[in-house]
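This is what each chain is made of:
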Amino acid sequence: MEEDQTYRFSLEMGVPSLFLEGGRWRCFLAPLRSSLSQALHNSCCRKKSTAPKKIISDVTFCDENAKEPENAVDKCFSSEQQTSILHVLNTASTEELEAFRLLRGRRSINIIKHRENFGPFQNLESLMNVPLFQYKSTVQICNSILCSKTGGDKRKLPENRFLRKLLKPDIERERLKAADSIVSIVFGTRRIAWAHLDRKLTVLDWQQSDRWKLMKETTYSSSIYLEEISSIISKMPKADFYVLEKRALSIQNSSLFPILLHFQIVEAMLYALLNKTFAQDGQHQVLSMNRNAVGKHFELMIGDFRTSGKELVKQFLSDSVLKADPRVFFPSEKIVHYRQMFLSSEPRRVEELYDSLLQAVAFYELAVFDSEP
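The following refers to the structure shown. (Residues numbered from 1 in each chain as written. Predicted model: local features only at pLDDT ≥ 70, side-chain atom pairs only at ≥ 80, totals over all residues. Heavy atoms only, no water.)

## Considerations on the sheet that holds strand S8 (residues 241-246)
Pairing is mixed across the open sheet formed by six strands, whose spatial order is S4-S9-S8-S5-S6-S7. Looking at strand neighbours, the two that pair on one side only are strand S4 (167-168) and strand S7 (203-209), the edges of this open sheet. In this structure, strand S5 (residues 181-187) lies alongside strand S6 (residues 192-198), joined through seven bridges in antiparallel fashion. Across the sheet, the residue bridging to Ile185 is Trp194, located in S6. (Pairing = 2+ DSSP bridges. Helix = DSSP H or I, 4+ residues; strand = E, 2+ residues; numbered from the N terminus.)

## Focus: helix H14 (residues 332-345)
Two residues of an α-helix separated by three or four positions point the same way, owing to the 3.6 residues in each turn. Helix length check: H14 (14 residues) gives 21 Å between terminal C-alpha atoms against 20 Å at 1.5 Å per residue, within 8%. Considered for burial, the residues of H14 that qualify are Ile335, Tyr338, Met341, Phe342 and Ser345. Summarising the axial view, the buried residues of H14 lie within an arc of 135°, below the 170-degree limit, and thus occupy one face. Of the exposed residues in H14, the ones pointing more than 90 degrees away from its buried face are Glu333, Val336 and Gln340. (Expected span 1.5 Å × (residues − 1). Buried < 20%, exposed > 50% of the residue type's maximum accessible area, 1.4 Å probe, protein only. Arc of directions from axis to C-beta.)

## Looking at the nonpolar core
Ranked by internal contacts, the top residues of the largest apolar core, which has 44 residues, are Trp206, Phe330 and Phe363. In terms of residue count, the dominant contributor to this core is helix H15 (residues 351-368) (twelve residues). Judged by nonpolar contacts, the second largest core, of 24 residues, contains Leu86, Phe100, Leu127 and Ile141. (Core = buried A, V, L, I, M, F, W, Y, C linked by side-chain atoms within 4.5 Å.)

## With respect to the environment of Gln207
Tracing the sequence through the fold places Gln207 in strand S7. Considered as a pair, Gln207 and Ile192 are 15 residues apart in the sequence and their alpha carbons are 8.8 Å apart. Beyond its immediate sequence surroundings of up to four residues, Gln207 is in contact with Ala193, Trp194, Met341 and Leu353. Side-chain polar atoms of Gln207 contact the side chain of Asp205, separated by 3.1 Å. (Contact = heavy atoms within 4.5 Å. Polar contact = N/O pair within 3.5 Å; in protein donor to acceptor, adjacent residues only side chain to side chain.)

## Section: the environment of Ile192
As for its placement among the helices and strands, Ile192 is situated in strand S6. Classification of Ile192 by relative accessible area gives buried; the value is 1%. Taking the C-alpha atoms as reference points, Ile192 and Ser356, 164 residues apart in sequence, are found 9.1 Å from one another.

All we've got here are geometric facts, nothing functional implied.
Written out as structure tokens, the structure reads:
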């Protein structure tokens, strides 16, 4: 491109000038000087305000360079953070304390000696009574403990993601681990079945109901659903959780819409009728469990298709009699009844009955016993 077709900037005696075609020029002294000054000012301010900050996590840490007011250390942290830090300081062994870089050597030994002589720390401020602990070092140590606990939470994220795919709605792992018994419920278009198991995988109750007339109704009457499902629930035992099978049906296939609607209504009814204390405490007792995740756990999947669990349940029944330590335990006083129920279901292939038991076992093994695949 030729020079006379371009705009060129230069600085003459510190003043920007704009050269135009033919060498003519205009000075924009006042406007450019003002805008240049403002731009430089904004640039400086922007550099100061957008300087990168060191962010360790979403936990707010205390500034160890702050001045030391009265009870300074305790004021740096929230009550929840103080509780978390004090738990580590009052329960950790010397080896566990030395896992923190700032507590290696004499500091960890001094903490143990202080606990032995004066009892557990009552507040973070009392940590400064331990030799080698000053205000700045105490704050740094407390921050490092919080940082490590935050990192521990991040390491659990893959596990949490697995649980979110397995169970709905989201629920705390601590509540799952504390479950003493569950009722696993699987329903179809013709019947509903449930299995009641404790945390030792003992089958406390296992049955089905063939009086499932809901799909024969074309009007999907709410009163009929309420009467039928209430009657079924009245026979179910009490448990810490009620686990429903969650099927993956495509809404793209319009021919499946009546079945999908039936499943949605039954699931909603079970959630409403079994979550008896939800209005008071906001705690879910009814959970939905991914059907295919259960199939993968027992290696029943062929592509996206889940095969029958009949033979696996049959093996559970045999092992309960033949093995000293079976995977699933059927009480001796009920084993005959359960075997007869299973044999009578074979000609009809009552998949709901098999799946209710498999789902209960998978719930404990995947969500309670930490055996994530």
